[in-house]
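Residue-level structure breakdown
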Amino acid sequence: MKEMKEEVRIRLRSTRFEVEASLFTEEDGMLHSVEQKEPEPEVIEINARGTLCRREGRVEISYEETEATGMAGSVTAISFREDEPWVVSMIREGAVSTVLVFEEACRHHCLYQTPFMPFEVCVHTLKVDNRLADEGRLALDYIIEIRGARAERTKFEMEVL
């Protein structure tokens, strides 16, 4: 299969707020309650240039992070198989590095590498709405917790223009 690669514009919106939840201590791996702790969420909106690549049944959209996200010097790629759009990977490389896996109603453990030290991260995905392949839109709703820190709920939206 031929590789298709094109430059694209990307609009990102991330809404985050702390929640009362512990992903590492749930024995059955499921969240039983999520209580919002902050009255006002943190909202980050970014417009970026990136690359859309399709090859061998995979779709990947990559872009450079900025100071606004606190990850300048890193490249993020959103990747998934076209026949499994409900499983989305977010790969970051550079100043910070990780591979986060988003799969609705599932919990995944990951490692987050920073210049200071690695952190164990747990991600519990509440919702995946992946329409990137045909409509250019992705919405993720997930809880993420770094071991030893408070959990955050993030609503991530990506639009490829």
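Residues numbered from 1 in each chain as written. Predicted model: local features only at pLDDT ≥ 70, side-chain atom pairs only at ≥ 80, totals over all residues. Heavy atoms only, no water.

A look at the layout of surface pockets
Reported here for the largest pocket is a volume of approximately 580 Å³. R16, M71, R92, Y112 and E152 are, among the 26 residues lining the largest pocket, the residues nearest its centre. Going through the elements one at a time, β1 (4-20), β3 (42-55), β6 (84-94), β9 (118-131), β10 (137-146) and β11 (151-160) are the ones with two or more residues in the lining of the largest pocket. Tallied by class, residues from the lining of the largest pocket come to 15 nonpolar, four polar and seven charged. (1 Å grid on protein atoms, 1.4 Å probe; cavity = no way out; pocket = protein on both sides within 12 Å on 5 of 7 lines; lining within 4 Å. Points joined across faces, edges and corners; volume = space filled by probe spheres on them. Helix = DSSP H or I, 4+ residues; strand = E, 2+ residues; numbered from the N terminus. Nonpolar A, V, L, I, M, F, W, Y, C, P; charged D, E, K, R; others polar.)

Brief notes about unusual backbone geometry
Backbone geometry at E56 places phi at a positive 50°, although glycine is not the residue there. Mapped onto the fold, E56 is located in the loop between β3 and β4 (58-64). Accessibility expressed as a relative area gives 63% for E56, which makes it exposed. Non-glycine residue A105 carries a positive phi angle of around 65°. (Buried < 20%, exposed > 50% of the residue type's maximum accessible area, 1.4 Å probe, protein only.)

As for the packing of aromatic side chains
By the definition in use, this model includes one aromatic pair. Each ring, one from F102 and one from Y142, has its centre 4.6 Å from the other, and the planes form 55°; the classification is tilted. Of this pair, F102 sits in strand β7 (residues 97-103) while Y142 sits in strand β10, and the two are 40 residues apart along the sequence. There is no split in this pair, since F102 and Y142 are both buried. (Phe/Tyr/Trp six-rings, centres within 6.5 Å; stacked < 30°, edge-to-face > 60°.)

Description of the pairing of β6
The two faces of the sheet receive side chains in turn, since in a regular strand these alternate between them. Pairing of strand β5 (residues 74-81) with β6, which is carried by seven bridges, proceeds in the antiparallel orientation. Pairing of A77 across the sheet is with I91, part of β6. The loop that links β5 with its antiparallel partner β6 comprises two residues. As judged from the six bridges shared by β6 and β7, these two strands associate in the antiparallel manner. The residue bridging V88 from the neighbouring strand is F102, located in β7. (Pairing = 2+ DSSP bridges.)

Details of the nonpolar core
Membership of the largest hydrophobic core comes to 31 residues, with the highest contact counts inside it found for L100, F102, L132, L138, F156 and M158. Sequence-distant contacts of F156, that is, excluding residues within four places in its chain, are made with L12, R13, Y63, M90, L138, A139, L140 and Y142. Counting eight residues, the second-largest nonpolar core is a separate cluster that includes A21, F24, I143 and A151. (Core = buried A, V, L, I, M, F, W, Y, C linked by side-chain atoms within 4.5 Å. Contact = heavy atoms within 4.5 Å.)

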